[in-house]
Amino acid sequence: MKKRIFIPGPVELAAEVLAAQAQPMMGHRTPDFNAILEECWDGLRYVYQTKNDVAIITGSGTAAMDAAVSSVISAGDEVVCIGGGKFGERFPKIVSAFGGKPIDVPVEWGKAVDPSEVESAVAGSSAVAITMTHNETSTGVLHDAKAIARIARENNMLFIMDAVTSVGGEDVKTDEWGVDICITGSQKCLAAPPGLGFAAVNNRAWDVIENNSGKRGFYLDLASYRKSLKKSTTPFTPAVSLIYGLRAALSIIRDEGLENRINRHRLLAEATREAVLAMNLELFADPDYASNTVTAIKIPAGLTDDDVRGRLNSDFGILLAGGQESVKGRIFRIGHMAAVDAVDLLGLLSALEIVLAKAGHDFTRGAGVTAAQSRLADL
Ligand SMILES: Cc1ncc(COP(=O)(O)O)c(C=O)c1O
């Protein structure tokens, strides 16, 4: 059976990306490889909407989160950490691991952060930074990055943002909003293979990082990435094959055009949400803050995760993501990011209807697909 993945990363890769990774190895300290890296940096600046440096780290997105926190904070530093899901809640763990003191701003899963709560947390603290996950993959919520960046700027703090499932799919205005360190990963909306993490860093953050350099960590000390960037290289042996794949993936994004790509993601997300409601299912995330790259859906009463995800997998070879931690078994998630197109989504929704009908869910068969069709006619 043909396998199809609709998870929020890793995503399916284009044939050009797969083929690129099979190219012969080359010397990583050569002008030819430096030129490939330069192409990658150009492409990354394009998707990040930044003029600043972007560190390319061998490691997944969490390595870039680790690099950002450890390069910025000193032991004892307070950091305001916005929660609301598995990934937002990962930051305080990293802060603690490096001897910092997280000040949690708890957010109910499925809801977006209220900026006034961040303002209150900041006001009573001597925090040096604010952390947030822009697009919370575990809940399907897109938080208001601009508002949080403004709070950080007004209070002379750095804003470290995890944009792992937003860069390349959502509109991420790194420079315009003033995100000081913006993190992403290769295997999500960029549609590259897993294994690379990225951190776009502005001058405000570089000043702090340079000052802290050598105090904590070594491999993920961002200061060494900056030093190498100036010489068009990386501090340590890069994952050459992954860089080949990344270059091909970024070139596909250029060909599509960032604005078109963001628009495609928005339409697919709207079609998904409208289809889900038409299938008499409930969305998990606050609709005013719904993600355009992943949609979380409540498993209806009387049905189990196995009735939905299990049957989609066994009957159609379709893999969706389940709920994580406190919502495990209560929600399922559709990743409609990267190369997913209208035909992919219509096929998935159609299969979902079959599975729901077989499980005895009460809805009008065809209603979801019809709702999606009307929305996708705009693509
Ligand atoms: C929003 C977000 N942040 C961070 C991560 C962690 O990335 P990785 O698994 O690449 O370390 C993920 C992974 O799913 C994510 O979705």
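Definitions and limits used
Residues numbered from 1 in each chain as written. Predicted model: local features only at pLDDT ≥ 70, side-chain atom pairs only at ≥ 80, totals over all residues. Heavy atoms only, no water. Helix = DSSP H or I, 4+ residues; strand = E, 2+ residues; numbered from the N terminus. Contact = heavy atoms within 4.5 Å. Areas by Shrake-Rupley, 256 points an atom, 1.4 Å probe, with all protein chains shown as cover. Lys, Arg positive; Asp, Glu negative; His and termini not counted. Charge placed at Lys NZ, Arg CZ, Asp CG, Glu CD. Buried < 20%, exposed > 50% of the residue type's maximum accessible area, 1.4 Å probe, protein only. Domains from an automatic or database assignment. Buried area = accessible area lost by both parts, 1.4 Å probe. Salt bridge = Lys/Arg side-chain N within 4 Å of Asp/Glu carboxyl O. Nonpolar A, V, L, I, M, F, W, Y, C, P; charged D, E, K, R; others polar. Axes fitted to C-alpha atoms, helices over the stretch in contact; angles between N-to-C directions. Parallel < 35°, antiparallel > 145°, perpendicular 65-115°, else oblique. Left-handed = near helix turned anticlockwise from the far one by under 90°.

## As for the overall build of the protein
Inference 1: Of regular secondary structure, the protein possesses 14 helices and 14 strands.
Inference 2: Principal-axis analysis of the C-alpha atoms places the extent of the protein at approximately 60 × 55 × 30 Å.
Inference 3: Within the protein, counting contacts between residues at least 6 apart in sequence, those at least 24 apart form 70% of the total.
Inference 4: Summed over all atoms, the accessible surface of the protein reaches about 14,900 Å², with 50% contributed by carbon and sulfur.
Inference 5: Charge-centre separation for the protein: the mean point of 38 positive side chains lies 4 Å from the mean point of 46 negative side chains.

## Let's talk about unusual backbone geometry
Inference 1: Look at the link from glycine 9 to proline 10: it is a cis peptide, with omega at -5 degrees.
Inference 2: Along the chain, proline 10 falls in the loop between strand E1 (4–5) and helix H1 (15–20).
Inference 3: A positive phi angle, near 55 degrees, is found at glutamine 49, a position not held by glycine.
Inference 4: You can see glutamine 49 is positioned in the loop between helix H2 (31–48) and strand E2 (53–58).
Inference 5: Glutamine 49 gets classed as partly exposed once you look at its relative accessible area, which sits at 26%.
Inference 6: Of note in this structure, alanine 191 is not a glycine but carries a positive phi near 60 degrees.
Inference 7: Topologically, alanine 191 is positioned in the loop between strand E9 (181–185) and strand E10 (196–201).

## Observations regarding the domain arrangement of the protein
Bring the parts together and some accessible area is lost; that lost area is often taken as the interface size.
Inference 1: Segmenting the protein into domains produces domain 1 (15–255) and domain 2 (257–376).
Inference 2: Distance from the C-alpha centre of domain 1 to the C-alpha centre of domain 2: 28 Å.
Inference 3: Each partner contributes residues to the interface: domain 1 has 27 residues there, and domain 2 has 23 residues.
Inference 4: Here domain 1 packs against domain 2, burying approximately 2,200 Å² in sum over the two surfaces, 57% of which is carbon and sulfur.
Inference 5: When the buried surface of domain 1 facing domain 2 is broken down by residue, Trp109, Gly140 and Glu170 rank first, second and third, together holding 21% of it.
Inference 6: Between the two partners, domain 1 and domain 2, sit 1 salt bridge.
Inference 7: Between glutamate 325 and lysine 86 there is a salt bridge whose closest N-O contact spans 3.7 Å.
Inference 8: Among the elements that line the side of domain 1 that touches domain 2, the one with the most residues is helix H10 (residues 240–256), at 3 residues.
Inference 9: Here the residues of the side of domain 1 that touches domain 2 are counted per class, giving 11 nonpolar, 10 polar and 6 charged.

## Overview of the packing of H2 against H10
Inference 1: It is at 9 Å that the axes of H2 and H10 come closest, and there the two elements cross at 45 degrees. In terms of orientation, H2 and H10 fall into the oblique class. As for how H2 packs across H10, the hand of that crossing is left-handed. Here H2 contributes Phe33, Ile36, Leu37, Glu39, Cys40, Asp42, Gly43, Leu44, Tyr46 and Val47 to the contact with H10, which in turn contributes Val240, Ile243, Tyr244, Leu246, Arg247, Leu250, Ile253 and Arg254.

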